[in-house]
Each structure stands twice: as C-alpha cells, then as structure tokens.
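# Geometric and topological summary
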Amino acid sequence: MLRTHTCGELRKNNVGENVTLAGWVRRVRDLGGLVFIDLRDRYGVTQAVVEPQNEEAFKVAKKLNSQDVVQIIGTVRERPSDMVNPDLATGEIEVLIKDIRVLNESRIPPFPVEDETNTSEETRLRWRFLDLRRPIMQKNIILKHKFMQSVRNFLSQGGFIEIETPFLTKSTPEGARDFIVPSRIYPGKFYALPQSPQLYKQILMVSGFDRYFQIVRCFRDEDLRADRQPEFTQIDLEMSFVDVDDVLSLVERLIKSVLKEVMGINIQIPFERLSYHEAIRRFGTDKPDLRFGMELEDLTEEFIETEFRVLKSVIDKGGKVVGIKVPLNLSRKQIEELTEFARSQGAGGLLWFKFENGKTSGQLSKYVNFTPEGSGTYLIIADKDPTAFKIAGLLRLEVAKRFELIDENQLKFLWIVDFPLYEISEDTGELEPAHHMFTHPKEDTLQFLDTDPLKVIAKQYDLVLNGVELASGSIRVHRRELQEKIMDKIGFTRERMESRFGFLLEALQYGAPPHGGIAIGFDRFVAIFAGRESIRDVIPFPKTTKAQALFEGAPSSVDEEQLRELHIQVIKEESENGKESEKKEKIN
C-alpha cells in the first residue's frame, strides 16, 4: 500500500505511530529552518514537516509545487499548543517526515485548486479534473452519493425493485426534442435516447413488477438554463394499485427519511397541497415559493367602477387587476426599476400607490376606494387573465429577491395538484396535453372529455421546494379505450397512435393494473441541499449552457468512415449571415 492512513484520519491518539501518507501538495511553506507541507486528499488535510538535518527529504520538500503527488513516511507528533489549527480535524497533530517521494509532478494549475476562486465557470469546466479536486466539489459529489445510497435503501426496504430500462429506444418526440442515434445495421433507421423511462415503467407495471424504481439518466435536446442539462439524473418510481394519495405519501416518507439520514434535518409531513388554479391565483405560478408572503390579490372588483382609463380598459375587456402588497416604502427609483422588470416580462407597465396609517399617496392614490392596513407600497399589474397573475407572480419573486425578503433557512415543500389535463398551445392555438398524454383524468371530470376538454382535471401532481419544481408525476391511464380517446382529442390518427405507441396500447389490453408514479429531479434535489445555484456543481462532468463538454471537447466531428458506415452525410451550407453551418442527413 502507498499509504497507511488518509490525510483526514490522524488524531492525537496516533501520536508516536509511524505512518505513510499519499496525496496532493496543497501548499509548501519554506520557513528557512523548517519546511511545512500541507498534504491533501478527499478525506482532509494533514500538515507534515521536514527538518534540515534530514538532508535528502529537506532538498525534495523545498522543490515541491502545488498539486504534486507525493508519498511521505514519518512519525505522528503533537503540535505545540500555540500551533493547533482548530479549523482542521487533524489540527492537533503533524507528521515529522523521515522520507518523501514524488509520485508525479504537476504543471502549474490554470487556477488555484481551492474552494475560493474567481475563475470563470468555462475555465473550471475546461479543467474539470482540477475543479473536481477542490474540496467543495468533492463534498458535493460525496453528498450526491450519500443521497443516492439512502434513496436506494429506503425504496429497497419498501419492496421496490431496481430495474434498468433501455438507453437505445424508440423516438416519440411529443415533448422536448429527442437525441437520435443512427443505426449502422438498419440504414435510415434511428434509435432515440430516452427523455424518461415513462413507457417502460408502465410496461413493467403491466408485467407484474408492482413496485419499480431506478436512479436513471435521461436525455433531452432542449435549451439549457442553470437547472437544465441535456443529460440528467432522476429518481424514477412507479407503483401498481395506487391512487394519488398513495404516491404522495410514499414520496413524503422517502424525502423525510433521506434528509434525516444524510443531513440530520427533520421535516414535517404531510406537505401542504394547493390546486393548480389556487396556486396561479395566489402566487401567479405553479411552483410558488412559500418562504415569504406577499400573496397576489385580485383587485378587479375594487376598481370595477374606476375612472382611471388604463384600468377601466383592461376590466372592460375581461382582464384582471392584480396587486402585490409590499411591506416596504419603495422609492421612485426602485419603482422605476421594478417597472422595467415588469415590462421585460411582458407587462405594459406597472401601477402603484403607497399607504400608511390609513392614507394613500402616489400614482393611483385618488382612485383607490379601500384602505390597506399597515404601511408599504402596492404594486399593480393589469392585463388579460391569466397573464396578469403570471406577470405579478414573477414580480412578487423579483421583489422578494431584490429586497432580501426570503428566509433562506426555511424548507417549504408543497404539492401542486389538480392540473388541467389539456391546455391551448400558445404556438399553434390547438389543444395539447398540459403535461403528458398518459395521465388519468379525475373521474368526476371525465364527463367533459367529449364536450369541453379544458374542464378535465388530471391526476397530476408536482412537488415544489422553495419555488423549484422538484418532482412531477401522475396516475396513468390503464385502459386502451381511454388512452386512445385522450390521444384522439389532440389530433392523433389511429395510424399515428399505432406508429408511436402501439406497443403500449397493446399492453394495456392484457390486464394492465391501475398504476402511477413520479420522477424526482435528483440533480436539483442535491444542488439545493448542497447550497448550489446550478446543478452543474453537483454533476461531475456537466455540459455548458451551450450544451458543450469543454473538457472532452464534445460534440465533435467524426471520421468519414464512421459516417459512411452509419449512412450519414454531412452537408455544409451557407447560412443567412454567410457563415458555414452543418446539417446531417442520411444517404438514400
């Protein structure tokens, strides 16, 4: 063995022992008479010291650089009381070096391999192997591992079976775009990387595996943000013979157990529930942050007879007047900045008035016929319904962030339930699934499926934590005739049903049980509890916001021979701005 102990292991009870350590040089301090080396691995840091009478080791130590990999052999001794480092677990001891061997030298790193760094994310991702050496990054990845193990243990003890589903599957691009994989054996045919194991886990329920789970990689070719990646991990589970309450209860107990075991956090269950409609009316979003107040207020009736032209015009057209009661006396400059924010979100402008001790002042003061309690500033959005609520919801969150009204120490879990089964597409104006087409309608709204589909409520549920959508799931359709009817409403022909989902429809005819499940965004979950804003900080090798892997250099070109085997031809063509772009298409 190249080491007898790790760099975070030694304590006072090891004093006098001969030990061998191996790791990376964090720092060398040459004090003339002594050379101190901080040696680090993923377990911690140990201080080692070499004295000048040990000539050979002293000479080697003086030449060491940061990130050199070394092995040291020495004796553990207690540090003098005035040299104890309380910030290190090993801070009461040091290792007096007898021998030191350089296992590998390091070039000068492009940035300090320390937690505190001003290095850009692009540089960190380009040199990811060094970035992952930083203690904070190793802490994040280890935390993810602990969460993963805890989830597996809980679900396995609860009778769930972990089953792997295929990565090469059939393309069914009804949501985000698929990543497609050309087949060498079948020219002109393609596999797709799964956006979700959705169809396979439903098939597993038909197959009699009544409790399935998988910590699975999924792939979506979509525009990226801080909480999105083209490949990501989710905790995927499905259960037979259940309804909504059963799934929600299971997930609550799972999260409670995992947080207690890994973080020592004791959360209260059950979580609060809100219907989709109520969430929009109170918070302007289906993923509200409940760590602060300022709920939206429908002020339409308060201004129904107003003489203020802008409000009257909106109300006369059936629009809504939505207010946010901000407990702050905002300045004109602050209101102007918030007005610009509201406009950037699609609002025509922002109306306001101030109130204090029963008196109002400002822009709308003479049109206000009610007396708000307390003091502060009312911000008002007037627009069509539900646009007014959605813009006001964005403004509510912006105000809370800008003026630090959010209690960062709170954990506010929330279920959003009773989503509409269908919605009208903003792009096409056609009916489309609000989530996905495999969701079972609530029985008391099935009557509207033929006459008024927008009134059908789905057995759909989302889990929200502090304003972040953490999980999404539903009870599934388990009868073929109902599944076909739901597809028919969004324009699927029989041929298209068979072409895309024939294997599922066939399975539903052979004793499919009632079933439902959920997928928890595992990367998002870990990022929240690691205190990171971006999921890239909890993924070992993530892509950039441009979907690039900077360390490996992906995506990249491939050899012409590979393309010929796959029956792919790369065609270069001129784009509108004159730059060359590439398009891949199969050779007939």
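All figures in this text were calculated on a predicted structure; none of them were measured in a lab.

The subject of this paragraph is the sheet that holds strand β12 (residues 296–298). Strand order in the open sheet formed by five strands is β12-β13-β16-β14-β15, and the pairing between neighbours is antiparallel. At either end of the open sheet lies a strand with only one pairing partner, and these are β12 and β15 (359–361). Neighbour-to-neighbour, the strand axes of this sheet turn through a mean angle of 30°, independent of strand direction. Note that strand β13 (residues 320–326) and strand β16 (residues 375–383) share seven bridges and pair antiparallel. Within β16, the position partnered with Lys320 by the bridge is Asp383.

Moving on, we come to the side chain of Thr300. Assignment of secondary structure puts Thr300 in the loop between β12 and α8 (309–316). Given the relative accessible area of 8%, Thr300 is considered buried. Within the local environment of Thr300, its side chain forms a polar contact with the side chain of Asp298, the two groups lying 2.6 Å apart.

Right, let's get into a nonpolar patch on the surface. A surface patch of nonpolar side chains, about 270 Å² in accessible area, is lined by Phe129, Phe541 and Phe551. In this fold, Phe551 is placed in the loop between α14 (522–530) and α15 (560–565). For Phe551, a relative accessible area of 34% corresponds to the partly exposed category.

Phe147, Leu155, Ile255, Phe413, Trp415, Tyr461 and Leu463 are the most contacted members of the largest nonpolar core, which totals 44 residues. Broken down by element, this core gets its largest block of residues, 10 residues, from helix α6 (residues 244–263). When near neighbours in sequence (up to four residues on either side) are disregarded, Phe147 contacts Val258, Leu259, Val262, Met263, Phe522, Phe525, Val526 and Phe529. Among the nonpolar cores identified, the runner-up in size contains 26 residues, and Leu338, Ala342, Leu350 and Val399 belong to it.

On to the confidence of the model for the protein, then. Overall, the predicted model of the protein reaches an average pLDDT of 93, with 96% of residues at or above 70. In this model, residues 580–588 is a region of pLDDT below 50 whose contacts with residues beyond four sequence positions or in other chains number 27 contacts.

A word on the pattern of salt bridges. Under the counting rule described, the total for this entry stands at 45 salt bridges. For Glu238, the salt bridge goes to Lys201, with nearest N and O atoms at 3.5 Å. One end of the pair, Glu238, is in strand β10 (residues 231–240); the other, Lys201, is in helix α5 (residues 198–206), and 37 residues separate them in sequence. The class of Lys201 is buried, set by a relative accessible area of 1%. Via salt bridges that share partners, Arg124, Arg128, Asp131, Arg134, Arg532 and Asp537 belong to a single interconnected network.

The buried fraction of α5 is high, at seven of nine residues. The complete set of buried residues in α5 reads Gln198, Leu199, Lys201, Gln202, Leu204, Met205 and Val206. Tucked inside the fold, the buried residues of α5 contact β9 (211–219), β10, α13 (494–507) and β22 (515–521). Just downstream of α5, Gly208 is the residue with a positive phi angle, here 100°.

Another point: the packing of helix α7 (residues 276–283) against helix α10 (residues 387–402). One can describe the packing of α7 onto α10 by two numbers: an axis separation of 7 Å at closest approach and a directional angle of 60°. In terms of orientation, α7 and α10 fall into the oblique class. For the pair formed by α7 and α10, the contact residues are Tyr276, Ile280, Arg281 and Phe283 on the first element and Phe389, Lys390, Gly393 and Arg396 on the second. Of the residues contributing to the contact of α7 with α10, the split by class is four nonpolar, one polar and three charged.

A separate point is α7. Those residues of α7 that fall on the buried side of the exposure criterion are Ala279, Ile280 and Phe283. All buried residues of α7 project into a common sector of 105° when viewed along the axis, lining one side. Looking at the residues trailing α7, positive phi occurs at Gly284, about 75°.

Okay, the packing of aromatic side chains next. The final tally for this structure, using the stated rule, is 18 aromatic pairs. Seen from their ring centres, Phe308 and Tyr367 are 5.0 Å apart, and the 65° between their planes marks the pair as edge-to-face. Separated by 59 residues along the polypeptide, Phe308 in the loop between β12 and α8 and Tyr367 in the loop between β15 and β16 bring together distant segments of the chain. On the accessibility criterion, Phe308 (15% relative accessible area) is buried. For Tyr367, a relative accessible area of 24% corresponds to the partly exposed category. When the ring of Phe353 is compared with that of Phe370, the centres are 6.1 Å apart and the planes differ by 80°; the resulting orientation is edge-to-face. Taken as a pair, Phe353 in strand β14 (residues 351–356) and Phe370 in the loop between β15 and β16 lie far apart in primary sequence, 17 residues in all. The two residues Phe353 and Phe370 agree in class, both being buried. Each residue in the set Phe303, Phe353, Phe355, Phe370 and Tyr378 is aromatic and connected to the rest through ring pairs, giving one cluster.

Criteria and thresholds
- Residues numbered from 1 in each chain as written.
- Predicted model: local features only at pLDDT ≥ 70, side-chain atom pairs only at ≥ 80, totals over all residues.
- Heavy atoms only, no water.
- Pairing = 2+ DSSP bridges.
- Helix = DSSP H or I, 4+ residues; strand = E, 2+ residues; numbered from the N terminus.
- Axes fitted to C-alpha atoms, helices over the stretch in contact; angles between N-to-C directions.
- Buried < 20%, exposed > 50% of the residue type's maximum accessible area, 1.4 Å probe, protein only.
- Polar contact = N/O pair within 3.5 Å; in protein donor to acceptor, adjacent residues only side chain to side chain.
- Patch = residues over 30% accessible without salt bridge, like charges linked within 9 Å, V, L, I, M, F, W, Y side chains within 5 Å.
- Areas by Shrake-Rupley, 256 points an atom, 1.4 Å probe, with all protein chains shown as cover.
- Salt bridge = Lys/Arg side-chain N within 4 Å of Asp/Glu carboxyl O.
- Core = buried A, V, L, I, M, F, W, Y, C linked by side-chain atoms within 4.5 Å.
- Contact = heavy atoms within 4.5 Å.
- pLDDT = per-residue confidence, 0-100.
- Parallel < 35°, antiparallel > 145°, perpendicular 65-115°, else oblique.
- Nonpolar A, V, L, I, M, F, W, Y, C, P; charged D, E, K, R; others polar.
- Arc of directions from axis to C-beta.
- Phe/Tyr/Trp six-rings, centres within 6.5 Å; stacked < 30°, edge-to-face > 60°.

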